[in-house]
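# Fold and geometry: a report
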Amino acid sequence: MKSLKLIYNEREVEVEAGVRASALIELLGLGNPHPLGFRIEEEIVDLQTPLTRGGRVEPIFPGTPEALPILRHTAAHVLAQAVKELFPEARLGIGPATEEGFYYDFDVSEPFTEEDLARIEKRMKEIIKRRIPLEREEISKPEAERIFTERRETYKLELIREIPEERVSIYRQDDFVDLCRGPHLPHTGLIKAFKLLSVAGAYWRGDERNPQLQRIYGTAFFDKEELRAYLERLEEAKRRDHRRLGRELELFSIEEEVGPGLILWHPKGAIVRKEIEDFWREEHLKRGYQLVYTPHIALRDLWKVSGHLDFYAENMFAPMEIDERAYQLKPMNCPFHILIYKSKKRSYREFPLRYCELGTVYRYERSGVLHGLLRVRGFTQDDAHIFCREDQLEEEIFKVLDLVVYFLSVFGFREYQIYLSTRPEKYVGTEEIWEKAEGALAAALEKKGLPYEIDPGEGVFYGPKIDLKIRDVLGRFWQCSTIQVDFNIPERFDLTYMGPDNRPYRPIMIHRALLGSLERFFGVLIEHYAGAFPVWLAPVQVVVLTVADRHEPFAREMYDFLRGSGIRVELDARGERLSYKIREAQVKKIPYMVIVGDREVEERRLTVRTRGGENLTFAPEEFREKILREIREKIV
RNA sequence: GCCGGUGUAGCUCAGCUGGUAGAGCAGUGGAUUCGUAAUCCACAGGUCGGGGGUUCGAGUCCCCCCGCCGGCUCCA
């Protein structure tokens, strides 16, 4: 037998290949707490897995983040066992651990009901209580086929046939058997806290031509407190739901009479949008962009030239006919910007040329995917197209990254996940140009000091791209920004510029959006701030509240004083009690309440209650300066 | 688009096995002038998502359609 060298904490041990990983516990002296598995180099193995490779070893202990997927994966098996016991005719799909929990897909004749879920959960508890060991076996493919044929697990058979290796692993617990790579817990009793969350249809292997299975979602943790905290977080997310806050704070609405996925921005939402747009334009002009405006529709032929009718048709609204010519609602802004480029002969001296537009586009999205502001059919992209020479690409990407990071940080987003997507199987352009462009994107990311992951083969056919996801206060990630190089469209429109040698060249084009769409970004912002916008964005920045009618003259004076400085202030002089007015202002999440009673009138000073419940006093000028500064500096 | 759930006043919801609609908040009117998260009284408000059917009778049962919610796929 081959022997393997394993390194743990500077220590080197040797074991025979094929020995189960559990042997390492004793060998490395890891009795208490008991590890659930090991990481060997990049691979995670459970205690039952025979060792096949050497390298650096790290034990994985219960309760650690690395152990969670193991726990959840086993929870998925427990779920499957429970379902098979209660619904023997159910066929198994797949059941992995996910970011937040786990799921398992089942083919059943009747979809699961809420009551079924409760029954399944109860049975899972029994299975956990019995501390059933999970036993790993490695068997030949024909052997596996025999087992799963006998059990009529047709989906598992499909999976087995696609596995390239000669041998596969299965896990048993009681009579339940699953084709599975692992890793798993040693026994079911280690699942201390779990909950089934929902059921939904899901196509086998995500392909709608395949049968639809029933997917049960759940989550699991090492202790009850963590589960409680997770469920609490779900509740918090519900409270922050932009669809709910959008209605409560009168920010926007979606009306059945208008149509699905089409947004009405109400005055309170519109003012937030205006602030974002003003900031956006100002910043773009400062950074050498030129503002353009383009129409919402164009002749269909334009979309033929651009290629959208070939590769984007299914996302476009149907054409309309006017004066016997077909027009098309625009799904993108690029063809228009390109035609502005083409409106005259271009020189290398003009480069880089940066056109930006808050351009409203319409895309057909299937009805089932629409979601509040986050997924709509009509939206405004904060779009720009940059035309440059190949040698300017890296510098331009760097500048875009610099702008993105600055822009997002102003809204309080400072953590990102960045993906660099490289050449897919089907692509246009030469391999050489792709490599150059990918290199330029990577170099710009590195120069900006932004850590990123490479998504191999995930680029669009026309060029590589950088996608940026922002992390909100609840730790959720949202894709907003995207930067894409395009080798295709300059070709299609035959774009040229004159080089210093008086010969025509083809420019490189970059598409980019920082916020993605104003609608989606607004949705993310609402949830991020839970509707309590920072002062510069708040639809109402200050409300002046009177204690009694006799305080109205001074309150009105203060209201006029603040309004005169451009502060968005309201006056609440109704004959209601102060506590009622405070409550109302609080519910509307207005940052500052100015309370005017006898004391304030007498001393000509302002008592200010903040949204956080703090009480401060200011001279009127002092308060005005404070607000103006917060607006100017966009203090979050 | 598909699977499941759901749709009663502006909002949140009640309405048992079919006997033709109710509450709280919001709105309007009045009273109260009250100092840090809901003062009292009155009034008004619904073709019960839309259409068709069963029935003496449908918000309640059946069928079709639409919207919304949770997923699948995709993306800003």
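Structure report, in brief. Note that residues are indexed from 1 along each chain, following the sequence as it is written. Just so you know, chain letters begin at A and ligand numbers begin at 1, following the order they were written in. Whole-chain, interface and lining totals are the exception, using all residues; otherwise, since this is a predicted model, local features are given only for residues with pLDDT of at least 70 and side-chain atom pairs are given and counted only at 80 or more. Hydrogens and water are ignored here; the side-chain numbers use all heavy atoms of the structure.

### Points about the overall build of chain A
To qualify as a helix, a DSSP run of H or I must reach at least 4 residues; to qualify as a strand, a run of E must reach at least 2; elements of each kind are numbered from the N terminus. Across its full length, chain A holds 19 helices and 32 strands. In terms of its C-alpha atoms, chain A occupies a principal-axis envelope of roughly 85 × 75 × 60 Å. Each residue is placed in one exposure class: buried if its accessible area under a 1.4 Å probe, protein chains only, is under 20% of its type's maximum, exposed if it is over 50%, and partly exposed if it falls in between. The buried share of chain A, reckoned over its 636 residues, is 50%. Considering only contacts within chain A whose residues lie at least 6 apart along the sequence, 68% involve residues at least 24 apart. Roughly 31000 Å² of accessible area belongs to chain A as shown, and the carbon and sulfur atoms make up 48% of that amount. We count Lys and Arg on the positive side and Asp and Glu on the negative side, and we leave His and both chain ends out. For the purpose of locating charges, the reference atoms are NZ of Lys, CZ of Arg, CG of Asp and CD of Glu. In chain A, 98 positive and 109 negative side-chain charges are present, and the distance between their average locations comes to 2 Å. The contact criterion used is simple: two residues touch if any of their non-hydrogen atoms lie within 4.5 Å. Residue exposure ignores everything except the shown protein chains as possible cover, and the areas themselves are Shrake-Rupley values with a 1.4 Å probe.

### Some points on helix α8 (residues 267–286)
The terminal C-alpha atoms of α8 lie 28 Å apart, and with 20 residues this matches the ideal 28 Å at 1.5 Å per residue to within 8%. Within the sequence span of α8, burial applies to Gly269, Val272, Arg273, Glu275, Ile276, Glu277, Phe279, Trp280, Glu283 and His284. Take the number of residues in a helix, subtract one, and multiply by 1.5 Å to get its expected span.

### Points about the packing of α8 against helix α12 (residues 393–410)
Orientation is described by lines fitted to C-alpha atoms, with helices fitted over the stretch in contact, and by angles between N-to-C directions that extend from 0 to 180 degrees. At a minimum axis separation of 12 Å, α8 and α12 run at an interaxial angle of 150 degrees. In terms of orientation, α8 lies roughly antiparallel with respect to α12. Judged by the twist between their axes, the crossing of α8 over α12 is right-handed. Between α8 and α12, the contacting residues are Phe279, Trp280, Glu283 and His284 on the first element and Leu403, Tyr406, Phe407 and Val410 on the second. Gly is put with the polar residues, along with every residue not named as nonpolar or charged; the nonpolar set is Ala, Val, Leu, Ile, Met, Phe, Trp, Tyr, Cys and Pro, and the charged set is Asp, Glu, Lys and Arg. Taken together, the residues that form the contact of α8 with α12 break down as 6 nonpolar, 1 polar and 1 charged. Each angle receives one of four descriptions, namely roughly parallel if under 35 degrees, roughly antiparallel if over 145, roughly perpendicular if within 65 to 115, and oblique otherwise. Throughout, a crossing is termed right-handed when the near helix is turned clockwise from the far one, and left-handed when it is turned anticlockwise from it by less than a right angle.

### Things to note about helix α13 (residues 431–447)
When the terminal C-alpha atoms of α13 are compared, their 24 Å separation across 17 residues agrees well with the 24 Å that a helix rising 1.5 Å per residue should span. Taken together, the buried positions of α13 are Ile433, Trp434, Ala437, Glu438, Ala440, Leu441, Ala442, Ala444 and Leu445. Taken together, the buried residues of α13 touch α12, β21 (416–421), β23 (465–471), β24 (477–486) and β27 (508–517). In the stretch just after α13, Gly449 is the one whose phi turns positive, near 75 degrees.

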